[in-house]
Structure formats: structure tokens, C-alpha cells
Amino acid sequence: MSTLAPLRLLREPSNASEGNQSNATVGASGGWCQGLDIPNELFLALGLVSLVENLLVVAAILKNRNLHSPTYYFICCLAVSDMLVSISNLAEMLFMLLLEHGVLVMRPSIVRHMDSVIDMLICSSVVSSLSFLGVIAVDRYITIFYALRYHSIMTLQRAVVTMASVWLASTISSTVLITYFRSNTILLCLIGFFLFMLVLMLVLYIHMFALARHHLHSISSQQKPPTAHRGGSLKGAVTLTILLGVFFICWGPFFFHLILIVTCPTNPFCTCFFSYFNLFLILIICNSVIDPLIYAFRSQELRRTLREVVTCSC
């Protein structure tokens, strides 16, 4: 029971019976197919750390007027998406503990309704996190390649419309996913969205770094110091690339799990991979813990504001 509610729905493929799943796992097992027994306390601790960290990021961006720009608003939304992972994890853990100790007594229909609400939270987080990573990449791309026109292209109104559209699309898609989570078509759509966003961000980042490298070589050949704008753009591209790499490492195993559910639900290797589901969940929560650390480490302005927030200075 130590799993996030919505992801638990995808622990085992629907077209493989429990008997076939168990037999395949036993037949392929050696010792490594036994999976990992991760205590509830670890999920709870990581959820609390992530919640506090992302709250600080949101508070710092709201506090400092210098951070009131589309780029940091998008980062703020990404932090909110990470908070949804933490909140859903903490809510489920608390909900399960209260039920197990008899503190809460609910009808099965109410329990199912609560579970669906938590499901929607985590699924919205998945889609919105991917979407905002893509939006941030596009925003950084515009900053570098259309620097003089950036403020006319990425206006505050367009940023607000973009953020609202992402949250609306995330809510609708999470509702569809929870309703039809046993459908391979829905899983394929989710996998396709993940791969599309990865390809989009990789193409944008490769292009950005190619330009940054070209400018650095030009500056070196002319023996001129790099401008603040180019240096800041390169630093921003590096930061967002780190975010992309961390996201891929933390979410990649889960999406590979979905691919195996669709392609080989009863294969011995796949059933062994399914047994490590809890590890994939820990990686997902770790992503929401690591992201705020990257923001604070890479942005001097945000790092300074975070210190002010922590020390409660005005």
C-alpha cells in the first residue's frame, strides 16, 4: 500500500491475470525479481521535504519583484506541479493511515471518490510538469534567438493565457486518464506526449547550445569579453538542461513501465521490471525534491530571495 494512488492503478497490466503475473515472476525470479520493500515513512519524509522546498520557491518568486517575469512565472508553475506530487503523496499516506487505524470509517463509495481525487492530482502533475518544462524551453529559446523582440513576443498576457491553458489541459487529460486508465490507447497517448516533449526540448536545447558555442568562439577570436545577456542566456540554458536531465532520469523508468504494460504484459522480464514499481515512485518524488535545489543553485537572484524568505527578513 505504500504507493501513490493513481500510479498504483498502473502497477500491473489489466490484460494479465494475477495467476499469470505471479507464475511469470516466479519463473524468471532469481533474487532480483522480488522488488523493493520501501517503507511508508520514506514516502512521507520525501513528500514533506518536497512540499517545503517548492513552497519556498513559490514564496520567493512572489516576494521578489525582479522575478516577476514570464520565465519565473513558468518556473513557479513547475514548482506548483511538483507540490501536487507531494500533496497527493501526503494526502494518500494520511488517508491510508487513518483508515488502517480505524480513525476514519467511510463507505466504500466515498473511499473510491477520495482515491479518484488523489488520482487526478498526481496525473495533473505529470502532464503539467511535462508541459511547463516544454514551455520554459520555448521561453528560453525565444530569449536567446529573439532577444530584442522577447518582450513583445512573450507578453504577460500571453504568459497568463499559456499557464491557464496548460492547467486546463492537464485537468481535462487527467480526468480522461483516470476514467480510462485500463485502456492501452490512453497509455499510448501519455507515452507519446512524454516522447514528444522530450524530442521538442532536446531539439531546442541543442540549437541553443550550438548558437551559444558559436558566439563564444566568435568572442574568443575577437578577444572581447562575453556580454551579460549571452552569459545569462547560456547559464539559463544549462539550468534548464539540468532540469530536463533530472526529469528524464526520475520519470523515465515510470514511462518505460507504461511501455512494457502495453507491449509485453506477461513477459518474464517485464514482470520482473514491474516488481520495482515502488522504486519508480521514489524517483518521481525525488524529482520534485531536486528541482528547487537546482533553481536555488543556478539563480543568484532566487538564491538571495530564498535566504530572505527563510530568515523572514523584509
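Residues numbered from 1 in each chain as written. Predicted model: local features only at pLDDT ≥ 70, side-chain atom pairs only at ≥ 80, totals over all residues. Heavy atoms only, no water.

J.: Help me understand the UniProt feature "transmembrane region" (unreviewed entry) in the protein, please; the structure alone is not making it clear to me.
T.: Under the present numbering, the feature "transmembrane region" (unreviewed entry) in UniProt falls on residues 42-62, 74-97, 117-138, 159-179, 185-212, 233-261 and 273-297. The annotated region residues 159-179 carries 100% helix and 0% strand content, and the separation between its end C-alpha atoms amounts to 30 Å. (UniProt positions renumbered as here; feature names shortened; annotations may be inferred. Helix = DSSP H or I, 4+ residues; strand = E, 2+ residues; numbered from the N terminus.)

J.: Explain the packing of helix 3 (residues 40-63) against helix 4 (residues 70-100) to me, please; I cannot follow it from the model alone.
T.: How two helices sit against one another is set out by the angle between their axes and by the gap between those axes. Contact pair helix 3 / helix 4: the axes reach a minimum separation of 8 Å and the direction vectors enclose 150°. Considering the angle they form, helix 3 stands roughly antiparallel to helix 4. Remark: the crossing between helix 3 and helix 4 carries left-handed chirality. Mapping the contact onto sequence places Asn40, Phe43, Leu44, Gly47, Leu48, Ser50, Leu51, Asn54, Leu55, Val57, Val58 and Ile61 in helix 3 and Tyr72, Ile75, Cys76, Ala79, Val80, Asp82, Met83, Ser86, Ile87, Asn89, Leu90 and Met93 in helix 4. Classifying every residue of the contact of helix 3 with helix 4 by side-chain character gives 17 nonpolar, six polar and one charged. (Axes fitted to C-alpha atoms, helices over the stretch in contact; angles between N-to-C directions. Parallel < 35°, antiparallel > 145°, perpendicular 65-115°, else oblique. Left-handed = near helix turned anticlockwise from the far one by under 90°. Contact = heavy atoms within 4.5 Å. Nonpolar A, V, L, I, M, F, W, Y, C, P; charged D, E, K, R; others polar.)

J.: Mind showing me how you'd approach the pattern of salt bridges here?
T.: When their charged atoms lie close together, side chains carrying opposite charge are able to pair. Taken as a whole and assessed by the stated rule, the structure comprises two salt bridges. For Arg304, the salt bridge goes to Glu301, with nearest N and O atoms at 2.7 Å. With Arg304 and Glu301 both in helix 12 (residues 300-310), this residue pair falls three residues apart, about one helical turn. Arg304 sits in the partly exposed class, given a relative accessible area of 32%. Classification of Glu301 by relative accessible area gives partly exposed; the value is 25%. (Salt bridge = Lys/Arg side-chain N within 4 Å of Asp/Glu carboxyl O. Buried < 20%, exposed > 50% of the residue type's maximum accessible area, 1.4 Å probe, protein only.)

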